[in-house]
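Breakdown of the fold
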Amino acid sequence: MAELRTEEEQLEALKRWWKENGMALVAGVVLAAAGLIGWNAWQSYQANQAEAASIRYQQLIGLASQERLDEAGLAEAQRLVDEITDAHDGTLYADLSRLIEARLAVEAGDRVAARAVLGDLVQASENAYVRDLARLRLARLQLADDEPAAAVATLEGELAEALGAQRAELIGDARLALGEVAAARGAYRDALSLAERHGQALYGVQLKLDDLGQEGADQ
(Lines give C-alpha, C1' and ligand atoms only; values in the text may rest on other atoms or scores of the structure.)
Protein backbone atom coordinates (compact mmCIF):
# COMPACT_ATOMS: atom_id res chain seq x y z
CA MET A 1 0.00 0.00 0.00
CA ALA A 2 2.90 2.33 0.77
CA GLU A 3 4.25 1.76 -2.74
CA LEU A 4 0.80 2.47 -4.21
CA ARG A 5 0.50 5.72 -2.26
CA THR A 6 3.96 6.71 -3.46
CA GLU A 7 2.97 6.07 -7.07
CA GLU A 8 -0.28 7.98 -6.62
CA GLU A 9 1.61 10.87 -5.04
CA GLN A 10 4.09 10.86 -7.93
CA LEU A 11 1.21 10.83 -10.43
CA GLU A 12 -0.49 13.73 -8.67
CA ALA A 13 2.80 15.65 -8.61
CA LEU A 14 3.25 15.00 -12.30
CA LYS A 15 -0.29 16.20 -13.02
CA ARG A 16 0.31 19.38 -11.03
CA TRP A 17 3.62 20.01 -12.85
CA TRP A 18 2.00 19.46 -16.23
CA LYS A 19 -0.84 21.80 -15.35
CA GLU A 20 1.65 24.45 -14.34
CA ASN A 21 4.29 23.92 -17.05
CA GLY A 22 2.84 21.74 -19.77
CA MET A 23 1.50 24.52 -21.99
CA ALA A 24 4.77 26.42 -21.77
CA LEU A 25 6.64 23.26 -22.75
CA VAL A 26 4.34 22.66 -25.70
CA ALA A 27 4.68 26.29 -26.75
CA GLY A 28 8.46 26.02 -26.57
CA VAL A 29 8.48 22.90 -28.71
CA VAL A 30 6.12 24.52 -31.23
CA LEU A 31 8.24 27.66 -31.37
CA ALA A 32 11.42 25.64 -31.79
CA ALA A 33 9.84 23.63 -34.59
CA ALA A 34 8.51 26.79 -36.22
CA GLY A 35 11.94 28.38 -35.92
CA LEU A 36 13.56 25.38 -37.60
CA ILE A 37 10.96 25.37 -40.35
CA GLY A 38 11.35 29.12 -40.78
CA TRP A 39 15.15 28.84 -40.94
CA ASN A 40 14.94 26.07 -43.51
CA ALA A 41 12.43 28.08 -45.51
CA TRP A 42 14.71 31.12 -45.36
CA GLN A 43 17.69 29.05 -46.48
CA SER A 44 15.63 27.63 -49.33
CA TYR A 45 14.47 31.13 -50.29
CA GLN A 46 18.04 32.41 -50.28
CA ALA A 47 19.20 29.51 -52.44
CA ASN A 48 16.36 30.13 -54.89
CA GLN A 49 17.19 33.83 -55.02
CA ALA A 50 20.86 33.11 -55.68
CA GLU A 51 19.94 30.66 -58.43
CA ALA A 52 17.58 33.19 -60.03
CA ALA A 53 20.27 35.89 -59.91
CA SER A 54 22.82 33.50 -61.41
CA ILE A 55 20.50 32.58 -64.28
CA ARG A 56 19.76 36.20 -65.13
CA TYR A 57 23.43 37.14 -64.84
CA GLN A 58 24.42 34.34 -67.22
CA GLN A 59 21.82 35.63 -69.67
CA LEU A 60 23.33 39.09 -69.36
CA ILE A 61 26.84 37.72 -69.91
CA GLY A 62 25.63 35.94 -73.03
CA LEU A 63 24.25 39.18 -74.45
CA ALA A 64 27.23 41.30 -73.45
CA SER A 65 29.70 38.86 -74.98
CA GLN A 66 28.25 39.37 -78.46
CA GLU A 67 30.48 41.33 -80.80
CA ARG A 68 27.83 43.96 -81.40
CA LEU A 69 24.40 44.51 -79.92
CA ASP A 70 21.58 46.17 -81.83
CA GLU A 71 19.03 48.38 -80.10
CA ALA A 72 16.87 45.42 -79.16
CA GLY A 73 19.88 43.63 -77.67
CA LEU A 74 20.91 46.69 -75.69
CA ALA A 75 17.36 47.11 -74.42
CA GLU A 76 17.24 43.45 -73.33
CA ALA A 77 20.62 43.79 -71.61
CA GLN A 78 19.41 46.85 -69.74
CA ARG A 79 16.22 45.03 -68.75
CA LEU A 80 18.30 42.22 -67.26
CA VAL A 81 20.54 44.70 -65.43
CA ASP A 82 17.49 46.44 -63.97
CA GLU A 83 15.93 43.13 -62.98
CA ILE A 84 19.08 41.90 -61.26
CA THR A 85 19.76 45.15 -59.44
CA ASP A 86 16.13 45.55 -58.35
CA ALA A 87 15.62 41.98 -57.13
CA HIS A 88 19.14 41.30 -55.85
CA ASP A 89 20.42 44.69 -54.76
CA GLY A 90 23.56 44.53 -52.62
CA THR A 91 24.72 41.21 -54.05
CA LEU A 92 27.82 40.57 -56.12
CA TYR A 93 25.58 39.74 -59.09
CA ALA A 94 24.09 43.23 -58.93
CA ASP A 95 27.51 44.88 -58.77
CA LEU A 96 28.89 42.84 -61.66
CA SER A 97 25.78 43.63 -63.68
CA ARG A 98 26.42 47.35 -63.15
CA LEU A 99 29.99 46.91 -64.42
CA ILE A 100 28.59 45.33 -67.57
CA GLU A 101 26.04 48.14 -67.83
CA ALA A 102 28.87 50.69 -67.78
CA ARG A 103 30.82 48.80 -70.45
CA LEU A 104 27.79 48.58 -72.72
CA ALA A 105 27.19 52.32 -72.26
CA VAL A 106 30.77 53.03 -73.37
CA GLU A 107 30.34 50.80 -76.40
CA ALA A 108 27.14 52.68 -77.22
CA GLY A 109 29.05 55.97 -77.02
CA ASP A 110 27.40 57.18 -73.81
CA ARG A 111 30.38 57.87 -71.53
CA VAL A 112 28.29 60.14 -69.32
CA ALA A 113 26.00 57.25 -68.39
CA ALA A 114 28.96 54.92 -67.95
CA ARG A 115 30.68 57.35 -65.59
CA ALA A 116 27.51 57.74 -63.55
CA VAL A 117 27.17 53.97 -63.13
CA LEU A 118 30.82 53.57 -62.15
CA GLY A 119 30.65 56.49 -59.75
CA ASP A 120 27.67 54.90 -58.03
CA LEU A 121 29.57 51.63 -57.67
CA VAL A 122 32.61 53.39 -56.19
CA GLN A 123 30.34 54.99 -53.60
CA ALA A 124 27.89 52.20 -52.86
CA SER A 125 29.36 48.75 -53.52
CA GLU A 126 30.10 46.69 -50.43
CA ASN A 127 32.63 44.62 -52.37
CA ALA A 128 36.09 46.20 -52.16
CA TYR A 129 37.36 44.53 -55.34
CA VAL A 130 34.35 45.72 -57.33
CA ARG A 131 34.88 49.25 -56.01
CA ASP A 132 38.50 49.10 -57.13
CA LEU A 133 37.56 47.84 -60.59
CA ALA A 134 35.03 50.64 -60.88
CA ARG A 135 37.70 53.17 -59.88
CA LEU A 136 40.06 51.90 -62.59
CA ARG A 137 37.38 52.04 -65.26
CA LEU A 138 36.17 55.45 -64.13
CA ALA A 139 39.74 56.78 -64.29
CA ARG A 140 40.08 55.47 -67.86
CA LEU A 141 36.95 57.34 -68.86
CA GLN A 142 38.16 60.49 -67.15
CA LEU A 143 41.39 60.27 -69.15
CA ALA A 144 39.39 59.70 -72.32
CA ASP A 145 37.45 62.87 -71.48
CA ASP A 146 40.71 64.80 -71.01
CA GLU A 147 40.40 65.01 -67.23
CA PRO A 148 43.78 63.68 -66.02
CA ALA A 149 43.64 65.47 -62.67
CA ALA A 150 40.29 63.83 -61.94
CA ALA A 151 41.75 60.45 -62.90
CA VAL A 152 44.63 60.93 -60.45
CA ALA A 153 42.15 61.82 -57.71
CA THR A 154 40.03 58.76 -58.49
CA LEU A 155 43.08 56.52 -58.16
CA GLU A 156 44.32 57.96 -54.88
CA GLY A 157 44.63 55.50 -52.03
CA GLU A 158 45.16 51.78 -52.05
CA LEU A 159 43.64 49.38 -54.55
CA ALA A 160 43.55 45.61 -54.58
CA GLU A 161 47.07 44.30 -55.00
CA ALA A 162 46.17 42.44 -58.18
CA LEU A 163 45.11 45.75 -59.77
CA GLY A 164 48.25 47.63 -58.78
CA ALA A 165 49.97 47.41 -62.18
CA GLN A 166 46.91 48.73 -64.02
CA ARG A 167 46.58 51.54 -61.50
CA ALA A 168 50.21 52.53 -61.92
CA GLU A 169 49.89 52.57 -65.72
CA LEU A 170 46.82 54.83 -65.53
CA ILE A 171 48.61 57.15 -63.13
CA GLY A 172 51.47 57.28 -65.62
CA ASP A 173 49.06 58.22 -68.41
CA ALA A 174 47.47 60.90 -66.23
CA ARG A 175 50.80 62.35 -65.12
CA LEU A 176 52.00 62.47 -68.72
CA ALA A 177 48.82 64.26 -69.77
CA LEU A 178 49.52 66.80 -67.01
CA GLY A 179 53.02 67.33 -68.37
CA GLU A 180 54.69 65.63 -65.40
CA VAL A 181 57.12 63.50 -67.39
CA ALA A 182 59.32 62.37 -64.50
CA ALA A 183 56.29 61.28 -62.48
CA ALA A 184 54.89 59.46 -65.52
CA ARG A 185 58.19 57.64 -66.03
CA GLY A 186 58.21 56.53 -62.39
CA ALA A 187 54.62 55.32 -62.61
CA TYR A 188 55.32 53.29 -65.74
CA ARG A 189 58.30 51.68 -64.05
CA ASP A 190 56.13 50.85 -61.07
CA ALA A 191 53.57 49.31 -63.41
CA LEU A 192 56.17 47.07 -65.04
CA SER A 193 57.59 46.04 -61.69
CA LEU A 194 54.19 45.19 -60.24
CA ALA A 195 53.18 43.26 -63.36
CA GLU A 196 56.35 41.18 -63.19
CA ARG A 197 55.90 40.54 -59.48
CA HIS A 198 52.38 39.20 -60.02
CA GLY A 199 53.09 37.40 -63.29
CA GLN A 200 50.75 39.66 -65.23
CA ALA A 201 50.98 40.70 -68.87
CA LEU A 202 50.94 44.47 -69.29
CA TYR A 203 51.14 45.33 -72.95
CA GLY A 204 52.37 48.67 -74.23
CA VAL A 205 53.82 50.08 -71.03
CA GLN A 206 57.41 49.46 -72.04
CA LEU A 207 56.73 51.31 -75.29
CA LYS A 208 55.29 54.24 -73.36
CA LEU A 209 58.38 54.29 -71.17
CA ASP A 210 60.70 54.11 -74.17
CA ASP A 211 58.85 56.98 -75.83
CA LEU A 212 59.70 59.19 -72.88
CA GLY A 213 63.39 58.81 -73.66
CA GLN A 214 66.23 58.75 -71.20
CA GLU A 215 65.85 60.17 -67.74
CA GLY A 216 67.16 63.73 -67.68
CA ALA A 217 65.93 64.60 -71.15
CA ASP A 218 62.88 66.25 -69.59
CA GLN A 219 64.95 68.42 -67.26
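The structure presented is a predicted model; accordingly, all values stated were derived computationally and were not measured.

The subject of this paragraph is a negative patch on the surface. A cluster of acidic residues, Asp82, Asp86, Asp89 and Glu126, forms a negative patch on the protein surface. Take glutamate 126: it is sitting in the loop between helix H4 (111-124) and helix H5 (128-144).

What follows deals with the side chain of aspartate 132. Here aspartate 132 shows up in helix H5. Residue class for aspartate 132 comes out buried when judged on its relative accessible area of 9%.

On to the environment of alanine 139, then. Relative to the helices and strands, alanine 139 is located in helix H5. The class of alanine 139 is buried, set by a relative accessible area of 0%. With 13 residues separating them in the primary sequence, alanine 139 and valine 152 have C-alpha atoms 7.5 Å apart.

So, about the side chain of glutamate 101. One can find glutamate 101 in helix H3 (residues 92-107). Among the polar contacts made by the side chain of glutamate 101, one reaches the side chain of glutamine 78 at a distance of 2.9 Å. Sequence-distant contacts of glutamate 101, defined by excluding residues within four places in its chain, comprise Gln78, Val81 and Val117.

Moving on, we get to the nonpolar core. Counting residues in hydrophobic clusters, the biggest one holds 24 residues, and the most contacted among them are Leu99, Leu118, Leu136, Leu155 and Leu163. Secondary-structure elements contributing two or more residues to this core are H3, H4, H5, helix H6 (148-154) and helix H7 (164-177). Top contributing element to this core by residue count: H5, with seven residues. Discounting chain neighbours no more than four positions away, the residues touching leucine 136 are Leu155, Leu159, Leu163, Gln166, Arg167 and Leu170.

Here leucine 194 shows up in helix H8 (residues 181-197). With 27 residues separating them in the primary sequence, leucine 194 and arginine 167 have C-alpha atoms 10.0 Å apart. Ignoring any residue separated from it by four or fewer positions in sequence, one finds leucine 194 in contact with Gly164, Ala165 and Ala168.

Moving on to the pattern of salt bridges. According to the stated counting rule, one finds 12 salt bridges in the structure shown. Across the pair arginine 56 and glutamate 83 runs a salt bridge, and its minimum N-O distance is 2.2 Å. Placement of arginine 56 in helix H1 (residues 2-64) and of glutamate 83 in helix H2 (residues 71-87) is noted, with a sequence separation of 27 residues between them. Judged by its relative accessible area of 24%, arginine 56 falls in the partly exposed class. Lysine 208 is the partner of aspartate 173 in a salt bridge, and the nearest nitrogen-oxygen pair spans 3.1 Å.

For the rest of this paragraph, the subject is H4. Across its 14 residues, H4 extends 20 Å between first and last C-alpha, which sits within 8% of the 20 Å expected from 1.5 Å per residue. For H4, the full list of buried residues reads Ala114, Val117, Leu118 and Leu121. Along the axis of H4, the buried residues cluster in a sector spanning 95°; they form a single face. Turned more than 90 degrees from where H4 packs its buried face, Val112, Gln123 and Ala124 sit exposed. Buried-residue contacts for H4 involve H3 and H5.

With that settled, the discussion passes to the environment of valine 117. Position of valine 117 among the secondary structure elements: in helix H4. For valine 117, a relative accessible area of 7% gives the class buried. For the pair valine 117 and alanine 102, spaced 15 residues apart in sequence, the C-alpha separation works out to 5.9 Å. Once you skip the residues sitting within four places of it in the chain, valine 117 turns out to touch Arg98, Glu101 and Ala102.

Moving on: the confidence of the model for the chain. Looking at the chain, pLDDT values average 81 and 74% of them are 70 or higher. Within the chain, H6 carries the highest mean pLDDT (97), whereas H1 carries the lowest (57). Throughout residues 1-5 the model reports pLDDT below 50, and contacts reaching past four residues in sequence, or to other chains, amount to zero contacts.

With that settled, the discussion passes to the packing of H3 against H4. Where H3 meets H4, the closest approach of the two axes is 8 Å, and the angle between their N-to-C directions is 160°. On the basis of their axis angle, the class for H3 and H4 is roughly antiparallel. The two elements H3 and H4 cross, and the hand of that crossing is left-handed. Contact with H3, carried on its side by Asp95, Arg98, Leu99, Glu101, Ala102, Ala105 and Val106, involves Ala113, Ala114, Val117, Leu118, Asp120 and Leu121 of H4 and no other residues of that element.

Conventions used here
Residues numbered from 1 in each chain as written. Predicted model: local features only at pLDDT ≥ 70, side-chain atom pairs only at ≥ 80, totals over all residues. Heavy atoms only, no water. Patch = residues over 30% accessible without salt bridge, like charges linked within 9 Å, V, L, I, M, F, W, Y side chains within 5 Å. Areas by Shrake-Rupley, 256 points an atom, 1.4 Å probe, with all protein chains shown as cover. Salt bridge = Lys/Arg side-chain N within 4 Å of Asp/Glu carboxyl O. Lys, Arg positive; Asp, Glu negative; His and termini not counted. Charge placed at Lys NZ, Arg CZ, Asp CG, Glu CD. Helix = DSSP H or I, 4+ residues; strand = E, 2+ residues; numbered from the N terminus. Buried < 20%, exposed > 50% of the residue type's maximum accessible area, 1.4 Å probe, protein only. Polar contact = N/O pair within 3.5 Å; in protein donor to acceptor, adjacent residues only side chain to side chain. Contact = heavy atoms within 4.5 Å. Core = buried A, V, L, I, M, F, W, Y, C linked by side-chain atoms within 4.5 Å. Expected span 1.5 Å × (residues − 1). Arc of directions from axis to C-beta. pLDDT = per-residue confidence, 0-100. Axes fitted to C-alpha atoms, helices over the stretch in contact; angles between N-to-C directions. Parallel < 35°, antiparallel > 145°, perpendicular 65-115°, else oblique. Left-handed = near helix turned anticlockwise from the far one by under 90°.

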